[in-house]
Amino acid sequence: MNTKVTIAGVEFKNPVTVASGTFGSGAEYGELIDLNRLGAVVTKGVANIPWPGNPTPRIAETCSGMLNAIGLQNPGVDVFIKRDIPFLKQFDTKIIVNVCGKTTADYVETVERLGDTDVDMLEINISCPNVKEGGIAFGQNPKSVEDITKAIKAKAKQPVIMKLSPNVTDITETARAAEAGGADALSLINTLTGMKIDIERQTFALANKTGGLSGPGIKPIAVRMVYQVANAVNLPIIGMGGIRTASDAIEFILAGATMVAVGTANFVNPYTTIEVIDGIEDYMERHHVDDIHSIIGIVK
Amino acid sequence: MSIKKMTVTVNYQKKLAKDVYSMWLAVGSMADEAKPGQFISIYSNDSSRLLPRPISICEVDREFRSIRVVYRVVGAGTEEFSHLKAGQRVSVMGPLGNGYTLKQEGRALLVAGGIGIPPMLELAKNLDCEKDIVLGYKDSQTFLASELEDYGNVYIATEDGSVGTKGNVMDAIRQHGLTADKIYSCGPTPMLRAVKDFSVEKSIECEISLEEKMACGIGACLACVCKSKDVDAHTHVNNKRICKDGPVFNALEVEL
């Protein structure tokens, strides 16, 4: 049975990774699960300089989901290169670094700094709803998606994944723009902008007022968007949004995702990634699937 | 020390006061390593409630490999826990965070308010020195006070004056002229701020336990940060993680 997949020349032992921001750089979850099992680790977003993030409260639970407004707290690319990359290199898994920034120059600076490091791919976060500058501002307009993709591709030494926002009218437009800009792959979806009000305190549940909605509640939206994008562009897709079981992951694969990422479910059950990896194999056995490629995007 | 997530059995549950419950959980090896001031994450059996509820460890019974939590019902998740009966199962992860650093010589002052009181019990049991224990409550529902009397001199403050000193824990400390070689505290932020100021004024070493909304509980998601005096080890931006770097901090380490 083959579960290996290849994206932009990078081979992954299985199609399961983690969604950026839910897994740090793996050190904390490495105490609970074997990181060698994962197809890849996608790191928390890293910028050219350290970012302190937003005030607390940064999270709130919702029905079958959660809102977060962490604000991309990160130590900056220098600490990341010195500490997090060597940590991840100890494991037999691929490293995908999520890159965030406030300006195109910030993104390009981080991408260039990572160029000489031993990481496998870059995932560009143009879809974070929780920062005032950068993030989603780049991700909602097709022209700016194309421009930033081009600017990054011109300097990047590793393959580039553009992470798309679901907070748009038509996600195929930004997907096509990323493709036109030269993206090697797409990941989707990032979180949906939401709000929760604490009626006892009569104020917002999050200090940032709004946050990104994630978790099982958003899965049907994510599956729909993966399906739409898979049928609109000719790029491999890393699908995510509410995956907590192998069955969820299979839905994304059938809709057109080459890989899948587990996000919020890591908080609910730290063993989710491993259960999804094992469960995909069980599904393949049950359905007599010899090669995972034979089920990617077959539901039309 | 290793963190484990497992499904455990409820041994016993009892209501201690309005909205305050005491629950013993048979947690196996988790009990071997649990220290005063650490916490466990308890998960809902309702899959629409995703996130664990971080709850401080009130007592550890190593012989019967059990952990006791005393918690307040503040929402649907804790409401669900309050209905758990002996023999029912619940998922927990722990032990999490760093506990108090015990100073076994001199005199200890334990100061806690409201639902910050529970961790004082395991702490008091493990402190082998003279102890004054100051507890702040809203009213006469003074849960855990009689149990704490077995381990030190208990002073109570109530907001309505129904028991002990009328006022807050600081009023009780002043009324009884209490002092110490080390202060251990847990409670609402305004109380911790006052306890920290008192410890600075009297030059007493002081450890406080903080609380914040958490998601992962293990230091990965960066939801539960607090402002710290020094740069933190994780992000180098003066944001310590309450779940991983705390929940117990030296009072001088954090800005309240």
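Residues numbered from 1 in each chain as written. Chains lettered and ligands numbered in written order. Predicted model: local features only at pLDDT ≥ 70, side-chain atom pairs only at ≥ 80, totals over all residues. Heavy atoms only, no water.

1. Overview of the packing of helix H1 (residues 77-89) of chain A against helix H2 (residues 104-115) of chain A
Between two packed helices, the angle of one axis relative to the other and the distance separating the axes together describe the packing.
Residue and element names in this part refer to chain A.
Inference 1: Packing of H1 against H2 brings their axes to within 10 Å, and their N-to-C directions diverge by 35 degrees. In the crossing of H1 with H2, the sense of the turn from one axis to the other is right-handed. For the pair formed by H1 and H2, the contact residues are Val77, Asp78, Phe80, Ile81 and Ile85 on the first element and Thr110, Arg113 and Leu114 on the second.
Inference 2: In the contact of H1 with H2, the residues fall into five nonpolar, one polar and two charged. (Axes fitted to C-alpha atoms, helices over the stretch in contact; angles between N-to-C directions. Helix = DSSP H or I, 4+ residues; strand = E, 2+ residues; numbered from the N terminus. Left-handed = near helix turned anticlockwise from the far one by under 90°. Contact = heavy atoms within 4.5 Å. Nonpolar A, V, L, I, M, F, W, Y, C, P; charged D, E, K, R; others polar.)

2. Re unusual backbone geometry
Inference 1: Look at the link from Thr56 of chain A to Pro57 of chain A: it is a cis peptide, with omega at 0 degrees.
Inference 2: Here the bond from Gly246 of chain B into Pro247 of chain B is cis, since omega is 5 degrees, no more than 30 degrees from zero.
Inference 3: Within the fold, Pro247 of chain B resides in the loop between strand S15 (239-241) and strand S16 (248-250).
Inference 4: Backbone geometry at Ala8 of chain A places phi at a positive 50 degrees, although glycine is not the residue there.
Inference 5: Examined against the element boundaries, Ala8 of chain A turns out to sit in the loop between strand S1 (5-7) and strand S2 (10-12).
Inference 6: By relative accessible area, which is 37% here, Ala8 of chain A ends up partly exposed. (Buried < 20%, exposed > 50% of the residue type's maximum accessible area, 1.4 Å probe, protein only.)

3. Side note on helix H6 (residues 219-230) of chain A
All names here are of chain A.
Inference 1: Counted at 1.5 Å a residue, the expected span for H6 with its 12 residues is 16 Å, and the 16 Å between its end C-alpha atoms agrees.
Inference 2: Of the positions making up H6, those classed as buried are Lys219, Ala222, Val223, Met225, Val226 and Val229. All buried residues of H6 fall inside an arc of 165 degrees around its axis, so they share one side.
Inference 3: Where the residues of H6 are buried, they touch helix H5 (171-180), strand S10 (185-188), strand S15 (237-240) and helix H7 (246-255). (Expected span 1.5 Å × (residues − 1). Arc of directions from axis to C-beta.)

4. Structural notes on the nonpolar core
Residue and element names in this part refer to chain A.
Inference 1: Ile124, Leu186, Leu188 and Ile280 are the most contacted members of the largest nonpolar core, which has 135 residues in total.
Inference 2: Ranked by the residues each element gives to this core, the list is headed by H7, at seven residues.
Inference 3: Beyond its immediate stretch of four places on either side in the chain, Leu186 contacts Ile161, Met162, Leu164, Ala175, Ala178, Val229, Val233, Leu235, Pro236, Ile237 and Ile238. (Core = buried A, V, L, I, M, F, W, Y, C linked by side-chain atoms within 4.5 Å.)

5. Examining the interface of chain A and chain B
Inference 1: Listed per partner, the contact involves 37 residues of chain A and 32 residues of chain B.
Inference 2: Both sides together, the interface formed by chain A and chain B hides about 2,700 Å², and carbon and sulfur atoms give 59% of it.
Inference 3: For the pair chain A and chain B, the number of links is three salt bridges.
Inference 4: When the shortest N-O distance is used, the salt bridge between Glu28 of chain A and Arg241 of chain B registers 3.1 Å.
Inference 5: Between chain A and chain B we count 16 residue pairs in polar contact (both at pLDDT 80 or more) in total.
Inference 6: Among the elements of the structure, strand S5 (59-62), strand S6 (65-68), H1 and helix H8 (265-268) of chain A are those that each provide at least two residues to the side of chain A that touches chain B.
Inference 7: With three residues, the single largest contributor to the side of chain A that touches chain B is S5 of chain A.
Inference 8: Class assignment for the residues of the side of chain A that touches chain B results in 18 nonpolar, 12 polar and seven charged. (Buried area = accessible area lost by both parts, 1.4 Å probe. Salt bridge = Lys/Arg side-chain N within 4 Å of Asp/Glu carboxyl O. Polar contact = N/O pair within 3.5 Å; in protein donor to acceptor, adjacent residues only side chain to side chain.)

6. Quick look at the UniProt feature "binding site: FAD" (unreviewed entry) in chain B
Inference 1: UniProt marks Arg53, Pro54, Ile55, Ser56, Val70, Tyr71, Arg72, Gly77 and Thr78 of chain B with the feature "binding site: FAD" (unreviewed entry), using the numbering shown here.
Inference 2: Excluding anything up to four places from it in sequence, Arg53 of chain B contacts Glu61 of chain A together with Ile40, Ser41, Ile42, Gly77, Thr78 and Phe81 of chain B.
Inference 3: Of the polar contacts made by the side chain of Arg53 of chain B, one reaches the side chain of Glu61 of chain A; its length is 2.7 Å.
Inference 4: Arg72 of chain B sits in the partly exposed class, given a relative accessible area of 31%.
Inference 5: Beyond its immediate sequence surroundings of up to four residues, Arg72 of chain B is in contact with Asp19, Val20, Thr78, Ile115 and Phe143 of chain B. (UniProt positions renumbered as here; feature names shortened; annotations may be inferred.)

7. Focus on the side chain of Thr110 of chain A
Inference 1: Considering the arrangement of structural elements, one finds Thr110 of chain A in helix H2.
Inference 2: For Thr110 of chain A, a relative accessible area of 0% corresponds to the buried category.

8. A look at the pattern of salt bridges
Inference 1: Applying the stated criterion to the full structure yields 33 salt bridges over all chains.
Inference 2: Between Lys13 of chain A and Asp92 of chain A there is a salt bridge; the shortest N-O distance is 3.2 Å. Here the residue Lys13 of chain A occupies a position in the loop between S2 and strand S3 (16-18), and Asp92 of chain A occupies one in the loop between H1 and strand S7 (94-99), the gap between them amounting to 79 residues.
Inference 3: The class for Asp92 of chain A is exposed, based on a relative accessible area of 53%.
Inference 4: The residue Glu61 of chain A makes a salt bridge to Arg53 of chain B at a minimum N-O spacing of 2.7 Å. In this pair, Glu61 of chain A sits in strand S5 while Arg53 of chain B sits in strand S4 (residues 53-56), so the two residues belong to two different chains. Take Glu61 of chain A and Arg53 of chain B: they sit in the same class, and that class is buried.

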